[in-house]
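Summary of the model geometry
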Amino acid sequence: MLIRVVKMTFKVEAIPSFLRLFNKRKKEIRAFAGCCHLELWQDRLHTNVYFTYSQWQNAEALDQYRSSPFFNETWQQTKLLFSARPEAWSVYQVSVLTKPVSLRSTKI
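Residues numbered from 1 in each chain as written. Predicted model: local features only at pLDDT ≥ 70, side-chain atom pairs only at ≥ 80, totals over all residues. Heavy atoms only, no water.

1. Notes on the nonpolar core
Put simply, the rule is: To qualify as a nonpolar core, a set must consist of buried Ala, Val, Leu, Ile, Met, Phe, Trp, Tyr and Cys residues joined through side-chain atoms within 4.5 Å. Partly exposed residues are those whose accessible area sits between 20% and 50% of the maximum for their type, while under 20% is buried and over 50% is exposed, using a 1.4 Å probe and protein chains only. Numbered from the N terminus, helices here are DSSP runs of H or I no shorter than four residues, and strands are runs of E no shorter than two. Working rule for contacts: check all heavy atoms of both residues, and any pair within 4.5 Å makes them a contact.
V6, M8, F10, A14, I15, F18, F22, Y50, L81 and F82 form the largest nonpolar core, which has ten residues in total. For this core, the elements supplying multiple residues, two or more each, are β1 (2-9) and α1 (15-31). Take this core: its biggest share by element is three residues, from α1. F22 has contacts with L38, L40 and T52, leaving out every residue within four places of it along the chain. If you look at the next biggest cluster of nonpolar residues, it comprises nine residues, including W56, L62, Y65 and F71.

Take a look at the structure:
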């Protein structure tokens, strides 16, 4: 499993355009062969900074997506909205630690 995180900083006035584009295309991105998961995150303090978090079966699947006409068209529209150069990381998950969450209240 390959994880891809992309940091995008937008012009404040361009955020509604980006969100419309993302919402229009997110199901197609998620349905692309090899994409297992897709999330959009927004920075808590810098609200014009967004991240996509996606999980891919392997690097080849991500590369096929990134070389597709669909990606190229989407990226061409998205990059017009940036106020800073995007950053991207492709990483492998090494370890996960979680704490069980109780669904019941401890008060009786």
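2. Re the side chain of T78
You can see T78 is positioned in helix α3 (residues 69-79). Non-local contacts of T78, meaning those with residues more than four positions away in its chain, are made with M8, F10, F18 and L21.

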